Amino acid sequence: MQKRVLFHNPWLPYVLLAPQIAVTLVFFIWPASQAILQSVLLEDPFGLSSQFVGLENFQRLFADPHYLNSLRVTAVFSIAVALLALTTALVLAVMADRALRFAVGYRTLLVWPYAVAPAVAGVLWLFLFNPTIGILAYLLRGVGISWNHYLDGGQAMLLVVIAAAWKQISYNFLFFLAGLAAIPRTLIEAAAIDGAGPVRRFWTIVFPLLSPTTFFLVVINVVYAFFDTFGTIHAVTQGGPARATEILVYKVYRDGFIGLDLGGSAAQSVVLMAIVIGLTVAQFRFIERRIQY
Amino acid sequence: MAEVSFQAVGKTYPGSRTEVIKGISARVADGELMVLLGPSGCGKSTLLRMVAGLERISRGTMAINGRIVNDLEPKDRNIAMVFQNYALYPHMSVFDNMAYGLRIARIPRAEIRARVAEAAQILELTPFLKRKPGQLSGGQRQRVAMGRAIVRNPQVFLFDEPLSNLDAKLRTQMRVEIKKLQTRLGVTSLYVTHDQAEAMTLADRIMVINDGVAEQVAPPLEVYRRPASAFVAGFIGTPAMNFLAGRLCGDGRAVELAGGVRLGLPAPVAGGPMAGGTEGAITVGIRPESLRLDNGHGDLAVAVDLTEMLGADSVVHGRLADNGSTLVARLSGIVPARPGDRLRFTIAADALHLFDTTSGRRLDA
């Protein structure tokens, strides 16, 4: 079948594409190329001159224990956020899908957190877990857990993971719910007649049929944890204590804007860019092809 | 092997007051294929889903092989169902689709392989075992759905309009296949359809359902020859039966149609609406195919509105000259009647169907 659209005026397609291309150029290509350029330069302390240093910024980066620590922290953080946000959302979606009464009400309520800004969400959780006045910290003390995320790196990580995941749950929930609604009821009924109980039906029928949604959400959630959680981290821990929650984007900000190491910060941005490109390629090439049925 | 019995089975959806199944009682004998036939929304699919355990039974009892199944889960009823949309698991191969239930039943691998292979052979699916349902044609998917049902050796087969998603030619072919397969396996079956041709070919007995009530349960030819109610009479047969207003007269030995035409009856009608009496308003049913052209002595004079020439027969639409009610006649061969022509028809006395006008029930000699 002929899928190409035929234009009579040879310029028309380019004109139609122009706005999109302009936006991409101004907001992505230009800053990205600036970052790449900056990543091979070394700035003097006053920002008056810069010299070409080749890949030295990158070499220093991968020799820097703080950077390697940040990579590890990011891996732990993003996997934990994606896992927590996805499983919680899936459980909620399965339950909301079963609910017959007030289903619309549940759905609306569960979507609310998505409207909360990341920094606000961070502050909310910060208050709840504040070692002095936080209600959850108080309750934890009641069961014998001494909560102080200002001192304990593990607890700080847990807190930002919860705060970041909480915000993403609504988004995942919506997609899972739509995915569940798209599974024909008769498939579940056929499986019930075939003798499968609810748990087995979930794992052998529902979950595999949700896999395209799940894989899409995994990529979205990992990207979210990598980039969009800056506000949460900034509001809750500022990367501390002792860099325990310093994820890559936070380190870019700290080195570039606080440390004023523009070259090193730009090199980090380039690495991040490579990671996003890698994730996107993985999604399009590998995942979308494998999930066909 | 099993027998399915319904005892005053009723269904009301929670939160609703209307009963969708209004107390159906029937018995499906061992090895019998009973077709549940009715217009859409009559409750036939609901009744089937109640047998499957997919809908709760609100009242009455349902038993499979003497065991009451009202509160049993679908998986404990030992039934298999073929769905209208086939409900194949899209992420599994044809083999896995058929083996799914067997694996759950923890049947040894070798036996699963053997049983699936046998079913695949019967249904000519052997070359497709490794394919996914998405790579099959409609007819092949339908056969996979059948295969999934037969590998489990169930006590009862349930078919929910399994052929309605196929094109006309394939449908005719598949219904013969289903009939052969069912006869060969001898498994008690319930088959839901709204297609009367399907019902007539497949059924050992037909249950005609209207508005949640079983109007008649009888073998196909009896449903056609002696419809138990005006609804059944109008639902079975194409073109649909003609209904004319009439009156019993002459001690129940004759009917008089509105307009004055008098038709004799083979035997006097007793009972009926005018218990004790033999006079009263009734509905007279005449099948289009039982009308005969007889321009000399025909009792029914008809003004032709339209003639459909179908080749093997002609369907004449007209109006009775005496009272203006419409009449459709199906005559064999080519009848070159034109709009405005006057034709006369006769009808054999034993081809008249009489129904109580208020209750719709059949009146009999």
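Reading the values: the criteria
Residues numbered from 1 in each chain as written. Chains lettered and ligands numbered in written order. Predicted model: local features only at pLDDT ≥ 70, side-chain atom pairs only at ≥ 80, totals over all residues. Heavy atoms only, no water. Helix = DSSP H or I, 4+ residues; strand = E, 2+ residues; numbered from the N terminus. Buried < 20%, exposed > 50% of the residue type's maximum accessible area, 1.4 Å probe, protein only. Contact = heavy atoms within 4.5 Å. Areas by Shrake-Rupley, 256 points an atom, 1.4 Å probe, with all protein chains shown as cover. Lys, Arg positive; Asp, Glu negative; His and termini not counted. Charge placed at Lys NZ, Arg CZ, Asp CG, Glu CD. Patch = residues over 30% accessible without salt bridge, like charges linked within 9 Å, V, L, I, M, F, W, Y side chains within 5 Å. Salt bridge = Lys/Arg side-chain N within 4 Å of Asp/Glu carboxyl O. Buried area = accessible area lost by both parts, 1.4 Å probe. Polar contact = N/O pair within 3.5 Å; in protein donor to acceptor, adjacent residues only side chain to side chain. Nonpolar A, V, L, I, M, F, W, Y, C, P; charged D, E, K, R; others polar. Pairing = 2+ DSSP bridges. Axes fitted to C-alpha atoms, helices over the stretch in contact; angles between N-to-C directions. Phe/Tyr/Trp six-rings, centres within 6.5 Å; stacked < 30°, edge-to-face > 60°. Lys NZ or Arg CZ within 6 Å of the ring centre and 35° of its normal.

Peer 1: In this structure, what is going on with the overall build of chain A? I would like to understand it.
Peer 2: On a plain count of helices and strands, chain A comes out with 12 helices and 2 strands. Overall, chain A is about 75 × 75 × 30 Å in size when its C-alpha atoms are taken along their principal axes. Burial statistics for chain A: of 293 residues in total, 40% are counted as buried. A separation of at least 24 residues holds for 64% of the contacts in chain A among residues at least 6 apart in sequence. Counting every atom, chain A has about 16800 Å² of accessible surface; 71% of that belongs to carbon and sulfur. Computing the positive centroid from 18 side-chain charges and the negative centroid from 13, chain A places the two 13 Å apart.

Peer 1: Help me out: how do you make sense of a nonpolar patch on the surface in this one?
Peer 2: A surface patch of nonpolar side chains, amounting to about 770 Å² of accessible area, comprises Leu17(A), Ile21(A), Val23(A), Leu25(A), Val26(A), Phe27(A), Phe28(A) and Ile29(A). The residue Ile29(A) is located in helix 1 (residues 12-39) in this model.

Peer 1: I'm lost on the interface of chain B and chain A in this one. Help?
Peer 2: Often, the extent of an interface is quoted as the loss of accessible area on bringing the components together. At the junction of the two partners, chain B supplies 22 residues and chain A supplies 17 residues. Taking both partners together, chain B and chain A bury about 1800 Å²; carbon and sulfur atoms supply 65% of that area. In this assembly, chain B and chain A are joined by 2 salt bridges. Remark: the boundary between chain B and chain A carries 8 residue pairs in polar contact (both at pLDDT 80 or more). When residues of the side of chain B that touches chain A are traced back to their parent elements, those giving at least two are helix 1 (44-52), strand 6 (79-82) and helix 2 (94-104) of chain B. The element contributing the most residues to the side of chain B that touches chain A is helix 2 of chain B, with 4 residues. Of the residues in the side of chain B that touches chain A, the class split is 14 nonpolar, 3 polar and 5 charged.

Peer 1: How should the pattern of salt bridges be read in this particular structure?
Peer 2: Oppositely charged side chains may form a pair once their charged atoms are brought near each other. For the structure shown, the criterion picks out 23 salt bridges over all chains. In this structure, the salt-bridge partner of Arg254(A) is Glu246(A), at a minimum N-O distance of 3.1 Å. The shortest N-O distance in the salt bridge between Lys251(A) and Asp255(A) comes to 3.0 Å. With Lys251(A) and Asp255(A) both in helix 11 (residues 248-258) and 4 residues apart, this pair spans about one turn of that helix. Overlapping salt bridges, with partners in common, bring together Arg185(A), Glu189(A), Lys11(B), Arg49(B) and Glu55(B) in one network.

Peer 1: Explanation requested: the sheet that holds strand 15 (residues 291-293) of chain B in the structure shown.
Peer 2: Through backbone hydrogen bonds, the strands of a sheet pair up, either in parallel or in antiparallel fashion. Residue and element names in this part refer to chain B. Ordered by their spatial adjacency, 5 strands build an open sheet running 15-19-16-17-18, and the pairing between neighbours is antiparallel. Looking at strand neighbours, the two that pair on one side only are strand 15 and strand 18 (326-332), the edges of this open sheet. Neighbour-to-neighbour, the strand axes of the sheet open up by a mean angle of 50 degrees, direction not taken into account. Two strands pair when backbone bridges link them, and strand 17 (residues 313-320) and strand 18 are joined in this way by 7 bridges, in the antiparallel orientation.

Peer 1: Sorry if this is basic, but what is going on with the packing of aromatic side chains here?
Peer 2: How two aromatic rings sit relative to each other is given by the distance of their centres and the angle of their planes. The final tally for this structure, using the stated rule, is 20 aromatic pairs over all chains. Between Trp125(A) and Phe129(A) the ring centres are 6.2 Å apart and the planes differ by 20 degrees, which places this aromatic pair in the stacked class. The two residues Trp125(A) and Phe129(A) agree in class, both being buried. The rings of Tyr114(A), Tyr171(A), Phe175(A) and Phe216(A) are connected pair by pair, giving a single aromatic cluster. It is Lys11(B) that lies over the ring of Tyr13(B); its NZ or CZ is 4.8 Å from the centre.

Peer 1: Help me understand the environment of Leu248(A) in this model?
Peer 2: Residues and elements named next belong to chain A. By the element assignment, Leu-248 lies in helix 11. Separated by 177 residues in sequence, Leu-248 and Leu-71 place their C-alpha atoms 6.5 Å apart. What Leu-248 contacts, discounting residues up to four positions off in sequence, is Tyr-67, Ser-70, Leu-71, Thr-74, Phe-226, Gln-268, Leu-272 and Ile-275.

Peer 1: Sorry, what's going on with the sheet that holds strand 8 (residues 188-193) of chain B here?
Peer 2: All names here are of chain B. The 6 strands are arranged 6-7-8-3-9-10 in an open sheet whose pairing can be described as mixed. Two strands lie at the open edges of the sheet, namely strand 6 and strand 10 (213-218), each paired on one side alone. Each strand of the sheet is rotated relative to its neighbour by a mean of 15 degrees, with strand direction disregarded. Summarising the sheet, strand 9 (residues 205-210) and strand 10 pair through 5 bridges and their orientation is antiparallel. Bridging from a neighbouring strand, Asn-210 pairs with Val-213 of strand 10.

Peer 1: What's the story with unusual backbone geometry in this structure? I'm lost.
Peer 2: Glycine aside, a negative phi is what most residues show, and trans is what most peptide bonds show. Residues and elements named next belong to chain B. With an omega of -10 degrees, the peptide bond running from Thr-238 to Pro-239 counts as cis. Topologically, Pro-239 is positioned in the loop between helix 8 (230-235) and strand 11 (242-249). Look at Glu-161: it is not a glycine, yet its phi comes out positive at around 45 degrees. Following the sequence through the fold, Glu-161 ends up in the loop between strand 7 (156-160) and helix 5 (168-185). Assessed through its relative accessible area of 9%, Glu-161 is described here as buried.

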